[in-house]
Amino acid sequence: MKTMRLTMAQALVGFLKNQYVERDGRETAFFGGAWGIFGHGCVAGVGQALQQNSDFRYYLCRNEQAAVHIAAAFARASNRLRTFACVSSIGPGATNMATGAAGATINRLPVLLLPGDIFARRNVAPVLQQLETEYSQDISVNDTLRPVSRYWDRINRPEQLPFSVMEAMRVLTSPANTGAVTLALPQDVQTEAWEYPVEFLDKRVWHIARPLPERVLLERAAQWIRASQRPLIIAGGGVIYSDATETLARFAEQTGIPVGETQAGKGSLPFDHRQNLGAIGVTGTPGANLCAREADLIIGIGTRYTDFTTASKTAFQHPEVKFININVAEFDAFKHSALPIVADARAALEELTTALGSYRVPGQYAVAIENHRKFWQEESDRIFALRHGPPISQGEVIGAVNGASRPQDVVVCAAGSLPGDLHKLWRARQPRGYHVEYGYSCMGYEIAGGLGVKMANPEREVYVMVGDGSFLMMSSEIVTSIQEGYKVNIILIDNHGYSSIGGLSQSLGSEGFGTDYRYRNAETGRLDGEPLIVDFAGAAQAMGAHTVRARTHQEFVAALETIKTASRTSVIVIETDKEARVPGYESWWDVAIAEVSAMPAVREARAEYEQAIKRERTLLIPGRS
Ligand SMILES: Cc1ncc(C[n+]2csc(CCOP(=O)(O)OP(=O)(O)O)c2C)c(N)n1
Ligand SMILES: [Mg+2]
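This section reports on the structure supplied with the text. (Residues numbered from 1 in each chain as written. Chains lettered and ligands numbered in written order. Predicted model: local features only at pLDDT ≥ 70, side-chain atom pairs only at ≥ 80, totals over all residues. Heavy atoms only, no water.)

1. Things to note about the site of ligand 1
This is how the line gets drawn: Any residue with a non-hydrogen atom lying within 4 Å of a molecule or strand is treated as near it. A 3.5 Å cut-off defines polar contacts: any pair of N or O atoms within that distance qualifies, except that in protein one atom must be a possible hydrogen donor and the other a possible acceptor, and neighbouring residues in sequence count only when both atoms are side-chain atoms. Residue exposure ignores everything except the shown protein chains as possible cover, and the areas themselves are Shrake-Rupley values with a 1.4 Å probe. Under the convention adopted here, Pro, Cys and the residues Ala, Val, Leu, Ile, Met, Phe, Trp and Tyr are nonpolar, Asp, Glu, Lys and Arg are charged, and Gly plus all remaining residues are polar.
Contacts to ligand 1 come from 15 residues, most closely from Ser417, Ser441, Asp468, Gly469 and Ser500. Here Asn495 contributes a side-chain N or O atom positioned 2.9 Å from an oxygen atom of ligand 1. In isolation ligand 1 exposes 580 Å². Once the protein is present, 78% of that is buried. Grouping the constituent residues of the shell around ligand 1 by class yields 4 nonpolar, 10 polar and 1 charged.

2. Structural notes on empty space enclosed by the protein
Which entries qualify depends on this criterion: Cavities and pockets were defined on a 1 Å grid built from protein atoms only: a cavity is a group of points that admits a 1.4 Å probe but offers it no way out, a pocket is an open group of points flanked by protein on both sides within 12 Å along at least five of seven lines, and a lining residue is one with an atom within 4 Å of any such point. Grid points are joined across faces, edges and corners, and a volume is the space filled by probe spheres set on the points. Note on conventions: DSSP H or I runs of at least 4 residues are helices, E runs of at least 2 residues are strands, and numbering of each starts at the N terminus.
Considering all chains together, one arrives at 5 cavities of 30 Å³ or more under this definition. Space inside the largest cavity adds up to approximately 70 Å³. Lining of the largest cavity is provided by Arg76, Ala77, Ile240, Tyr241, Ala264, Arg432, Tyr434 and His435. Secondary structure elements with two or more residues in the lining of the largest cavity: α3 (64-77), α7 (237-241) and β19 (434-436). Of the residues that constitute the lining of the largest cavity, the class distribution is 5 nonpolar, 1 polar and 2 charged. Looking at the second largest cavity, its volume works out to about 60 Å³. As for the second largest cavity, its lining consists of His69, Ala72, Arg76, Gly100, Gly103, Ala104, Asn107, Leu109, Glu437 and Tyr445.

3. Points about the sheet that holds strand β6 (residues 83-88)
Convention followed: For two strands to pair, DSSP has to find at least two bridges joining them. Where helices are involved, their axes are fitted lines through C-alpha atoms of the stretch in contact, as for all axes, and angles between N-to-C directions lie from 0 to 180°. When checking whether two residues touch, look at their non-hydrogen atoms; a contact exists if any pair is within 4.5 Å.
With parallel pairing, 6 strands are arranged side by side in an open sheet as β5-β4-β6-β7-β9-β8. Of all strands in the sheet, those with a lone pairing partner are β5 (58-60) and β8 (151-154), marking the two edges. With direction set aside, neighbouring strand axes in the sheet form an average angle of 20°. Across the face of the sheet, helix α1 (residues 8-16) comes into contact with β4 (31-36), β6, β7 (111-117) and β9 (180-186) while running at roughly 175° to β7. Where α3 meets the sheet, its contacts fall on β4, β6 and β7, and the angle it forms with β6 comes to roughly 170°.

Rendered as structure tokens:
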């Protein structure tokens, strides 16, 4: 056997740079390089290996959490055919990655985490940043990454590496099982040498499969659709990852079945497609939600059915409603007692299109769909044209950004009141033009995520829309975007606090408690003093961004034009009226309210809640017969 004497870290980097994936005959390198921040737990191991392998690019970020967001966003914008490795030291660098890893796993996005770990040798313990445990020495802070990883391993001897990274690649490239993968790398083992077989470092191509649907179930699904009076498609992220958007468009055109889009699935169809009812669920359009309420058949494609999609299981009120779920993940396909088509979305839709032949939805239903679409066009036009304030409304800001962006450009967002408003209002024109992280809705994802999207699609302009709260949580990757020369356009919405949770709190009888940015008030002892003003433009400028302040709608539209000519990351700060909210439409979300309270408003909200919760369904109608 021919071997090469390498440290474990050198062998790992040598392996990673030779991993490729192939789908539909197209091959791409799976890793775009490694992000990371060095410390004593990796600098002389993985750090040294990266230095020695300059063809596997090392990227310096400002926060390990951000690194994972960048990698996850890059993966999503690459239809999961690419990602990054994320390197950290032991201790806080590693635990910083837990939040990003949870986000990646929940959103089913591949990211490889390589945290340093405490000495396998143990004789020098406790090392700097080591968590000591009295009952075991086989524990480190990296064990906190277990529940947020789809595969987790610790490499205690250099010869374990090949067997572990092969499993890591299997999981990362699996459409059904992908998510964060963690290989914890003890600091000493990273530097230990072993005779690695040369074939370990050979180029390896991982085929991304398109599993075909089972014939019997596909035919049954076609029968169910033919028998349905009011079918509705819910398009989830899987439609986009599978590259099934055009197939879905043909399927919807041929059958006339309308489509509601989840956050991850938005952009599956262009907003002006005749069957597109737009957003569905808590943050949905009235058309999609009314159709869901009365649908006798839901065809869920590539969706996890979160509570935002199902309106906490109140969205589907037809007494006999059934589900057909097309999903590459068996776990999701079986949800709601569905007829489970465990298959690739594109492959299944192609076969279903053929199987259905000349089926079309009833004429009356087609007319209703048309009317819903017309209403939504008018309603969103109205919101875009409000001319509220100043401070202007968030809906107008969204309209202006949408109007300034080109069809191929991308909007990026994650948390606050923006995701709901964008879900409803953003007019997506091309797949992957709408990138809202709403599986984990992680404040701080926005700017890091925007950088990841830009790296995957340098030819598209990226518009990051971020609230003041999220900006304060993590804006550090502005510096990184400038370091790397990737321009990100950031629209910072300053409403002096948490409009989303403030509004939610008000609706639950809690008066927005703790959601405004205000000084501590000496008289009340509460945070209800004078407004706390933050100079966001100053902060962004200090990090090197081109910054513009806008106050009126007109100034904002002009600012959007100005930043088009800037060559580096740009930030527009626009103040908005927190109380000028985009309404909800025909939906509800279960947020439990105190059963007993000293506050009358809470008691009132609780009484309403007890009525609303009665509409929650179990969705257990047998679907497999
Ligand atoms: C890391 C994290 N912490 C807390 C939350 C809960 N949360 C959701 S939205 C929000 C407020 C966001 O504020 P901002 O970015 O200003 O947006 P706005 O609500 O004002 O639109 C909070 C605290 C979260 N989603 N993520
Ligand atoms: Mg805010």
